[in-house]
Amino acid sequence: MFSEPTKSVLISEMESPIRVLVAKPGLDGHDRGAKIIARALRDAGMEVIYTGLRQTPEMIVNAALQEDVQVIGLSILSGAHSAIVPRVLELLREKGMTGVQVIVGGIIPDEDARDLERQGVAAVFQPGAPLETIVSSVREAAASARRQEPGRQ
Amino acid sequence: MLKASYGAEDVTDPYLPAPGQFPYTRGIHETMYRGRLWTMRQFAGFSTPEETNRRYRYLLEQGQTGLSVAFDLPTLMGYDSDHALAEGEVGKCGVPVSSLADMETLFEGIPLDAVTVSMTINSPAAAVWAMYLVAAEKRGADLRRISGTLQNDILKEYIAQKEYIFPPAPSMRLVTDTIEFGAKHTPRFNPISISGYHIREAGSTALQELAFTLRDGIEYVEWALERGLAIDDFAPRLSFFFNAHNDFFEEIAKYRAGRKLWATLMRDRFGARDERSMKLRFHAQTAGCSLTWQQPYNNVVRTAIQAMAAVLGGAQSLHTNSLDEAYALPGEEAATLALRTQQVIAYESGVTEATDAFGGSYYLERLTLDLEAGARESIRTIDETGGMVKAIERGYPQGEISRASFEYQQKVEKGEAVVVGVNRFQSDDDKPIETLRIDRAVEARQGEKLRELRKTRNNRDVERDLKALRGAAERDGNLMPRLLDAVRSYATLGEICGALRDVFGTYEERPHI
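Fair warning: this is a prediction, and the values are worked out from it, not measured in the lab.

## Remarks on the overall build of chain B
Counting secondary structure elements, chain B contains 20 helices and nine strands. Rg of the C-alpha trace for chain B: 22 Å, near the compact-globule value of 24 Å for 513 residues, within the 12% margin. Taken over the C-alpha atoms alone, chain B extends approximately 75 × 60 × 45 Å along its principal axes. In chain B, buried positions account for 53% of the 513 residues. Counting contacts in chain B only where the partners sit at least 6 residues apart, residues at least 24 apart contribute 77% of the total.

Right under this line is the structure:
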């Protein structure tokens, strides 16, 4: 349909879709929230990889690397966030994936939420957060990931 | 689609026998709460067995009439407190019980022959029940007299709550082992509580909750019959657990339709003759997923209305949620207020005077008929799939629930479903409430206790019993005697479940959005 040059211009102007990993770390199996978020992000045009349940920080970071995502969304309702999230951040640093943004959702007390943000989490969402807000936060995080690693799409 | 009002023309089946009469639509007892109030059974467990024991004693002093154990996630998944995967989870969502020693501490000073105890445990239920039975026995209680309930409903784990360990077939075998053992040795204990609660919390509709739960019940009955048990030897001890959600009349109708359906199924499909086999007894819990983080005091009101529906629907026991449960496990003050809510309904509201007080209401009767018809149809669909295990393997109930959950969430996002304080009537100055925090030191303390236990017990006995358990798991036959032996030698839950994992393998769900 297009001659070669036109096509390449079009592709570079159109950003490839945002890639997000939605993960459920820890032993908890309550996946209602994770699934709703995954579906909402997909409906918003993103490429969503859902890990399924009981993923260790190592499994999550490996999946993020393999799937080449810009954003990792962690859903934690069990209160284990203070043990799990710092470990994910640490592994990302170890693997040099510092551009990948981490967003956390779940039952996270205010104090812990501020603490996680100080440690490098891009955003924390507590119960009742509107999907629209979460979707735009993922978009912003992905944009920031792309700015930090402009070589990657 | 609901109409604005209902009349005699809506009640197409006017056949409505009195309470206490088959099919028990109006209740399983003639006089209901005049004879005996429901059991006020608040679900509790956190931090350590010592701390939880203190909360149990406090709740009993406050007039609570039964206990209900919440176990932490490592325990629910069959891991000891010192397992690598337990990191950060010990004592967080419940109490850790890694061995008989923890179970003994949990019930110290509580008369196990007088208080009924419910235990919310599923995959490792047979092993945890063995710990409870041995603890009771050591305290001199007669197993034929002790009473309580084991949740032990693995099917709803695959469907909704997802705390599974083993694949469906060996899991169903373990459940059947407990039903068989119970029928012979613990005639007053409910070996299973077939649960719709978690299905609803995962986002199902009331109809899906009802239909999937009853179909799960059918599956357990079929496995027990296959084992060679006679229907009336075990069916009287099958118990149920339903959610008490926001839609007041729909919830009451759900319990009524459930009783009618179960009675009919037991009599006509399974040939039960004993009336007790046909009577659906249930525990209810108010809807945790309806509680909001915003304006948490509104949760007290929601819980009171939901609890009222459970009572007007004829529940045998009830848990009312605490206002702080969108944040954390309940603190003592919030837990007391939740119990007081039940006491106000029981002793002040007057709703206990007449059984099935709304019976005969055009609207309620229509809703009951609709839920009954809908559930019958859904049960037929699952029958045609080849049963619930097959349906689960195909992801059928899981998919139906995800869809319902997403549809509801979209209504909330659009403001079509109102959540007071969240998408309407918001306020900016929410005052923070005090919540319970579990210290990470709990993890170290539990680990220390386990190391001590492994040093002081007779490890040769433990090895012998675990080997015997593994051998028995490889063959046919009831595993309860082997589990009781292992527990008596203080084999830990992690060791016991580890032995069973070796033989049975583990289950993993194919992740799908």
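## A word on the overall build of chain A
When helices and strands are counted, chain A shows six helices and five strands. In chain A, the order of α-helices and β-strands from amino to carboxyl end is α-β-α-β-α-β-α-β-α-β-α. The burial tally for chain A puts 47% of its 153 residues in the buried class. The contacts of chain A with a sequence gap of at least 6 include a subset with a gap of at least 24, amounting to 74%.

## A look at helix 4 (residues 125–138) of chain B
All names here are of chain B. Over its 14 residues, helix 4 runs 20 Å from end to end, which matches the ideal 20 Å to within 8%, given 1.5 Å per residue. Within helix 4, twelve of the 14 residues are buried, which leaves the element mostly enclosed by the surrounding structure. Listing the buried residues of helix 4 in full gives Ala 125, Ala 126, Ala 127, Val 128, Trp 129, Ala 130, Met 131, Tyr 132, Leu 133, Val 134, Ala 135 and Ala 136. In this fold, the buried residues of helix 4 make contact with helix 3 (100–106), strand 3 (116–120), strand 4 (148–150), helix 6 (168–185), helix 19 (480–488) and helix 20 (493–504). Within two residues after helix 4, Gly 140 carries a phi angle of roughly 90°, on the positive side.

## A closer look at the environment of B:Leu59
Residue and element names in this part refer to chain B. As for its position among the elements, Leu 59 is in helix 1 (residues 49–61). It is 9.4 Å that separates the C-alpha atoms of Leu 59 and Ala 44, two residues lying 15 residues apart in sequence. Contact partners of Leu 59, with chain neighbours within four places excluded, come to Gln 42, Ala 44, Gln 64 and Leu 339.

## Observations regarding the nonpolar core
By size, the foremost hydrophobic cluster in this structure holds 143 residues, and its most contacted members are B:Ala127, B:Val128, B:Ala130, B:Met131, B:Leu483 and B:Ile496. Ranked by residue count, the leading element in this core is helix 4 of chain B, at twelve residues. One finds A:Ala34, A:Ile76, A:Val104 and A:Ile134 within the second-largest nonpolar core, a separate group that totals 46 residues.

## Structural notes on the sheet that holds strand 8 (residues 282–286) of chain B
All names here are of chain B. Read from one edge to the other, the open sheet built from nine strands follows the order 5-4-3-2-1-9-8-7-6, with strand pairing classed as parallel. Of all strands in the sheet, those with a lone pairing partner are strand 5 (189–190) and strand 6 (192–195), marking the two edges. Bridge analysis of strand 2 (residues 66–70) against strand 3 gives five bridges, and the strand direction is parallel. Looking at the pairing, Val 69 lines up with Met 119 of strand 3. Its contacts with the sheet place helix 8 (residues 206–227) against strand 6 and strand 7 (238–244), and it is angled at close to 145° to strand 6.

## A word on the sheet that holds strand 4 (residues 101–106) of chain A
All names here are of chain A. Strand order in the open sheet formed by five strands is 2-1-3-4-5, and the pairing between neighbours is parallel. The sheet terminates laterally at strand 2 (47–50) and strand 5 (123–125), the two strands that pair on one side only. Averaged over all pairs of adjacent strands, the angle between strand axes in this sheet comes to 20°, irrespective of strand direction. Where strand 3 (residues 71–76) meets strand 4, six bridges bridge the pair, whose relative direction is parallel. When the bridges of strand 4 are listed, Gly 73 appears paired with Ile 103. Relative to the sheet, helix 4 (residues 81–94) contacts strand 3 and strand 4, its axis offset from that of strand 4 by approximately 165°.

## Let's talk about unusual backbone geometry
The omega torsion of the bond from B:Phe22 to B:Pro23 falls at 0°, within 30 degrees of zero and hence cis. Assignment of secondary structure puts B:Pro23 in the segment before strand 1 (39–44). One non-glycine residue, A:Asp68, lies in positive phi territory at about 55°. Mapped onto the secondary structure, A:Asp68 falls in the loop between helix 3 (57–67) and strand 3. Unusually for a residue other than glycine, B:Phe425 sits at a positive phi of about 55°.

## A closer look at the interface of chain B and chain A
Residue-level contacts link 30 residues of chain B with 31 residues of chain A. No other element matches helix 16 (residues 396–414) of chain B, which puts five residues into the side of chain B that touches chain A. Its residues assigned to classes, the side of chain B that touches chain A comprises 14 nonpolar, nine polar and seven charged.

## Let's talk about the environment of B:Tyr347
Tracing the sequence through the fold places B:Tyr347 in helix 13 (residues 332–347). Between the alpha carbons of B:Tyr347 and B:Met1 there is a distance of 37 Å; along the sequence they are 346 residues apart.

## A few points about the confidence of the model for chain B
Close reading of the predicted structure is inappropriate where its pLDDT is low. Predicted confidence across chain B gives a mean pLDDT of 96, with 100% of residues reaching 70 or more. Across the whole predicted complex the pTM is 0.95, and at the interface the ipTM reaches 0.91.

## A few points about the packing of helix 4 of chain A against helix 5 (residues 110–119) of chain A
Residue and element names in this part refer to chain A. It is at 10 Å that the axes of helix 4 and helix 5 come closest, and there the two elements cross at 10°. Judged by the inter-axis angle, helix 4 sits roughly parallel to helix 5. On the side of helix 4, the interface is formed by His 81, Ser 82, Val 85, Pro 86 and Leu 89, while helix 5 contributes Asp 112, Leu 116 and Gln 119. Per-class residue counts for the contact of helix 4 with helix 5 are four nonpolar, three polar and one charged.

Rules of the game
- Residues numbered from 1 in each chain as written.
- Chains lettered and ligands numbered in written order.
- Predicted model: local features only at pLDDT ≥ 70, side-chain atom pairs only at ≥ 80, totals over all residues.
- Helix = DSSP H or I, 4+ residues; strand = E, 2+ residues; numbered from the N terminus.
- Rg over C-alpha atoms; globule rule 2.2 N^0.38 Å.
- Buried ≥ 20, exposed ≤ 12 C-beta atoms within 10 Å, placed from the backbone.
- Contact = placed C-beta atoms within 7 Å.
- Expected span 1.5 Å × (residues − 1).
- Core = buried A, V, L, I, M, F, W, Y, C linked by C-beta atoms within 7 Å.
- Pairing = 2+ DSSP bridges.
- Axes fitted to C-alpha atoms, helices over the stretch in contact; angles between N-to-C directions.
- Nonpolar A, V, L, I, M, F, W, Y, C, P; charged D, E, K, R; others polar.
- pLDDT = per-residue confidence, 0-100.
- Parallel < 35°, antiparallel > 145°, perpendicular 65-115°, else oblique.

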